[in-house]
Amino acid sequence: MKEIMVHLDRCNGCLTCSLACAAAHSSSGTIVGAMLEGIPGRIFVQAAGSRPVPILCRHCEDAPCVDACMTGAMQKDPGTGLVSNEGREQTCVGCWMCIMACPYGAIIQKPGEKKLALKCDGCPGREIPACVAACPNNALVYEEADAFSEERRRKAASTLV
Amino acid sequence: MRYVIIGNSAAGIKAAETLRKLDRGGLITIISDEPGPAYSRCLLPAFLAGMRNEDELRIRPENFYQRNLVDTVFGKKAVKVETGRKQVVLADDSRVEYDKLLIATGSSTAFPPVEGLAGPGVLGLRNLADAREILEYRRKARRVVVIGAGFIGMEAAYALYRRGLEVTVVEKMPHILPLQLDRPAAEIIQRDMQAEGVRFILGAGVREVAGPSLWTRLFGKTGRGVILDNGDRLKAEIVIVATGIKPNVDLVRDTEIKLNWGIVVDQYMQTAVPDVYAAGDVAETEDIITGIVCVSPIWPNAVTQGAIAACNMAGRPRLYTGLIGMQNAVEFRDVPAIAMGITQPPDGSYEVLALHRPERNLYRKLVLKDDVIVGMILVGDIGQAGVIAALMRKKANARKFKERILKGEFHHGYLQRAVS
Ligand SMILES: Cc1cc2nc3c(=O)[nH]c(=O)nc-3n(C[C@H](O)[C@H](O)[C@H](O)COP(=O)(O)OP(=O)(O)OC[C@H]3O[C@@H](n4cnc5c(N)ncnc54)[C@H](O)[C@@H]3O)c2cc1C
């Protein structure tokens, strides 16, 4: 299964990924349209010290957000491996338990009246996720996850200075 | 292999799903005293408020049981577990044999020893039947008294308020959500709800719930009086009792299965009797923060425990590494809040960092012990709650980050940069 890998050393914090994500999830499909519609990106570029770090959903194997979801909306698709709270019979109520559970901080409250948790849906229907396709620095790459990347990911989740 | 699960809810469903994944040919049976498919009791307030209908409470598609080849015995209560014969005895005296049994019977409303709670119109909120009954009473009701400003009481109060009822919440402790929040946090939430029109009476116990007097009954009225410690009387047509819950353990009383308050399990979620497991609200596990062994009656923990029990039942040993017993997310009106771990430290040996901006409905509090975060309250801005929770579970030293976390400027990027 392919997943989005991050090469931190290549990220210069240009935010293109986040804008492309917003555009991909807007009805207009454009960055300007997304801004007008108030659609947020689902990948977040944060500054750690002076260095940028893209934060995004890892579509975990044993996803804590899935366990935390009290409506059954958040599920991991057994076929695609994608974790999402959209596109199912069960729907999100915005109880924020997934936000409480996600160790990466990859889920946000959707802005607006209706309470809804918002996260990376893996861009179903696209060959390459919008953020990866847009990244000008190859900091985001879409590739088969190997044991090494899995290991590094776990380490990131568990190690602290 | 015959797997039997008693309880068709958070823990039971996750266990069935996990068992099916690990053992394609095993026989799986779910027993439930409730008649229908699994639903989320966390959504009952939304149902009460009229925001969701019954179909929208289901946590799995309708064909879940067929698709996962799960046999269902619904609408029948399990009254006894015979561990010697490996059988579950049902209320109609029929028996279900098992090789591996999971007890996921959850908990029910604990009614306190207050006079008058048995009368009509006095209800708990635990299952769909309760919620339906409350809505039935609602037709003729104008006023509601909710006894207990804990999580369920507050949810019920706000839901019925949204239905247009006059709601008064009575709480014995000096602030609402006393198990989850400290006073400053509770006051922000309370103020927000008060502004809407929910009324609170704090620091007051309930002495008695009195039925309608003969006189009022003559006029066809059914209202009740809630009499407080100080003698004050509140009139209401519906009284919701939300002062606590108790684990459903009756079916294993007088067996070898060890009971404390809930069912005692080992690190594999197995009870004192081999091949009998317990998970969810009914099971007692060790809290990773406090080290205390007790029930942890929240949805995410029930699901995780159900998964772990199922792995072990299917012969794939998986250790329960400990969860945080108290983690709650609330948003009644407009102010979200998340509380976790030890939010009100019992003594002075803890470090407390707090940031309080009540005028903006903002509050953040961290409780630390030796630079390890053991508790937090986030009101208003709940982003990054999961990242902080992960630090808590890992017992990570947060010395370098704590000020940043307090200010809401921390995120997972710091951890990634630390290892890259
Ligand atoms: C109104 C309300 C709101 C809540 N909101 C939240 C929330 O926002 N977040 C959160 O984390 N938690 C919440 N909770 C708590 C959460 O619902 C529970 O922690 C969770 O449902 C526990 O799941 P469980 O599978 O252990 O047991 P339960 O959900 O209690 O299910 C147990 C099932 O077993 C059945 N059963 C019991 N005894 C027998 C028997 N002898 N024979 C056959 N069947 C039996 C019961 O009828 C029930 O169907 C809420 C609870 C309530 C009542």
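What comes next concerns the included structure.

Basis of the calculations
- Residues numbered from 1 in each chain as written.
- Chains lettered and ligands numbered in written order.
- Predicted model: local features only at pLDDT ≥ 70, side-chain atom pairs only at ≥ 80, totals over all residues.
- Heavy atoms only, no water.
- Helix = DSSP H or I, 4+ residues; strand = E, 2+ residues; numbered from the N terminus.
- Rg over C-alpha atoms; globule rule 2.2 N^0.38 Å.
- Buried < 20%, exposed > 50% of the residue type's maximum accessible area, 1.4 Å probe, protein only.
- Contact = heavy atoms within 4.5 Å.
- Areas by Shrake-Rupley, 256 points an atom, 1.4 Å probe, with all protein chains shown as cover.
- Lys, Arg positive; Asp, Glu negative; His and termini not counted.
- Charge placed at Lys NZ, Arg CZ, Asp CG, Glu CD.
- Axes fitted to C-alpha atoms, helices over the stretch in contact; angles between N-to-C directions.
- Left-handed = near helix turned anticlockwise from the far one by under 90°.
- Nonpolar A, V, L, I, M, F, W, Y, C, P; charged D, E, K, R; others polar.
- Core = buried A, V, L, I, M, F, W, Y, C linked by side-chain atoms within 4.5 Å.
- Near = heavy atom within 4 Å.
- Polar contact = N/O pair within 3.5 Å; in protein donor to acceptor, adjacent residues only side chain to side chain.
- Pairing = 2+ DSSP bridges.
- Buried area = accessible area lost by both parts, 1.4 Å probe.
- Salt bridge = Lys/Arg side-chain N within 4 Å of Asp/Glu carboxyl O.
- Phe/Tyr/Trp six-rings, centres within 6.5 Å; stacked < 30°, edge-to-face > 60°.
- Expected span 1.5 Å × (residues − 1).

**Section: the overall build of chain A**
Looking only at helices and strands, chain A features 6 helices and 8 strands. Over its C-alpha trace chain A gives a radius of gyration of 15 Å, about what one expects of a compact globule, namely 15 Å for 161 residues. Out of the 161 residues in chain A, the part that is buried amounts to 51%. When contacts within chain A are restricted to residue pairs at least 6 apart in sequence, those whose partners lie at least 24 apart make up 55%. Accessible area for chain A stands at about 7600 Å²; split by element, carbon and sulfur atoms hold 55% of it. Each charge class in chain A can be summarised by its mean position, and for the 16 positive and 17 negative side chains these summaries are 5 Å apart.

**A look at the overall build of chain B**
When its secondary structure is counted, chain B shows 11 helices and 26 strands. Taking 2.2 N^0.38 as the reference for a compact globule, 420 residues should give roughly 22 Å; the C-alpha atoms of chain B span a radius of gyration of 23 Å, in line with that estimate. For the C-alpha atoms alone, the extent of chain B along its principal axes is close to 70 × 60 × 35 Å. Burial status across chain B gives 57% buried among its 420 residues. The contacts of chain B with a sequence gap of at least 6 include a subset with a gap of at least 24, amounting to 60%. Summed over its atoms, the accessible surface of chain B is roughly 17900 Å², and 49% of this surface lies on carbon and sulfur atoms. Here chain B holds 56 positive side-chain charges and 48 negative ones, and the gap between their average locations is 3 Å.

**Section: the packing of helix H1 (residues 10–22) of chain B against helix H8 (residues 299–313) of chain B**
Residues and elements named next belong to chain B. Packing of H1 against H8 leaves a shortest axis separation of 7 Å and a crossing angle of 35°. Of the two elements, H1 crosses H8, and the hand of that crossing is right-handed. Counting all contacts with H1, which are made through Ala10, Ala11, Lys14, Ala15, Thr18, Leu19 and Leu22, the residues of H8 involved are Trp299, Ala302, Val303, Gly306, Ala307, Ala310, Cys311 and Met313. Class assignment for the residues of the contact of H1 with H8 results in 12 nonpolar, 2 polar and 1 charged.

**Observations regarding the nonpolar core**
Membership of the largest hydrophobic core comes to 171 residues, with the highest contact counts inside it found for B:Val88 and B:Met376. If we ignore the near neighbours within four places in the chain, the residues touching B:Met376 are B:Ile338, B:Ala339, B:Met340, B:Thr343, B:Lys365, B:Leu366, B:Ala385, B:Ile388, B:Ala389 and B:Met392.

**Some words on the site of the ligand**
Looking at the ligand, there are 32 residues lining it, with B:Ser9, B:Asp33, B:Glu34, B:Arg41 and B:Arg126 nearest. The ligand is flanked by residues contributed from chains A and B. Between the ligand and the protein, one listed contact pairs an oxygen atom with a backbone N or O atom of B:Ala10 at 3.2 Å. Here a nitrogen atom of the ligand and a backbone polar atom of B:Ala78 are 2.8 Å apart. Top element by residues in the shell around the ligand is H8(B). It accounts for 3 residues. Its residues placed into classes, the shell around the ligand shows 17 nonpolar, 8 polar and 7 charged.

**A few points about the side chain of B:Thr18**
All names here are of chain B. On the secondary structure map, Thr18 appears in helix H1. On the basis of relative accessible area, Thr18 is assigned to the buried category, the value being 12%. Every residue in contact with Thr18, bar those within four places of it in the chain, is listed here: Ala307, Ala310 and Cys311.

**Let's talk about the pairing of strand S7 (residues 100–103) of chain B**
Residue and element names in this part refer to chain B. Judged by which residues are buried, S7 turns out to be covered on both faces: Lys100 and Leu102 on one side and Leu101 and Ile103 on the other are all buried. Pairing between strand S1 (residues 2–6) and S7: 4 bridges, direction parallel. Looking at the pairing, Ile6 lines up with Ile103 of S7. The pairing of S7 with strand S19 (residues 276–278) spans 3 bridges and is classified as parallel. Note that in S19 the partner of Leu101 across the bridge is Val276.

**What about the interface of chain B and chain A?**
Taken residue by residue, the interface counts 48 residues in chain B and 42 residues in chain A. Here chain B packs against chain A, burying approximately 3700 Å² in sum over the two surfaces, 57% of which is carbon and sulfur. Here chain B and chain A share 3 salt bridges between them. Measuring nitrogen to oxygen at the nearest pair gives 3.0 Å for the salt bridge that ties A:Asp67 to B:Lys14.

**Overview of the packing of aromatic side chains**
Any two aromatic rings considered together are summarised by their centre-to-centre distance and by the angle between their planes. Residue and element names in this part refer to chain B. Scanning the model with the defined rule gives 7 aromatic pairs over all chains in all. A ring pair is formed by Tyr158 and Tyr161, whose centres lie 5.8 Å apart and whose planes are at 20°; its orientation type is stacked. In this pair, Tyr158 and Tyr161 both sit in helix H5 (residues 151–162), 3 residues apart, roughly one turn of the helix. Ring plane angle 55° and centroid distance 4.7 Å describe the contact between Phe401 and Phe410, whose orientation is recorded as tilted.

**Notes on H8(B)**
Residue and element names in this part refer to chain B. The first and last C-alpha atoms of H8 sit 21 Å apart over 15 residues, in line with the 21 Å expected at 1.5 Å per residue. Counting buried positions over the 15 residues of H8 gives 15, a clear majority of the element. Count one or two residues on from H8 and you reach Gly315, which has phi positive near 80°.

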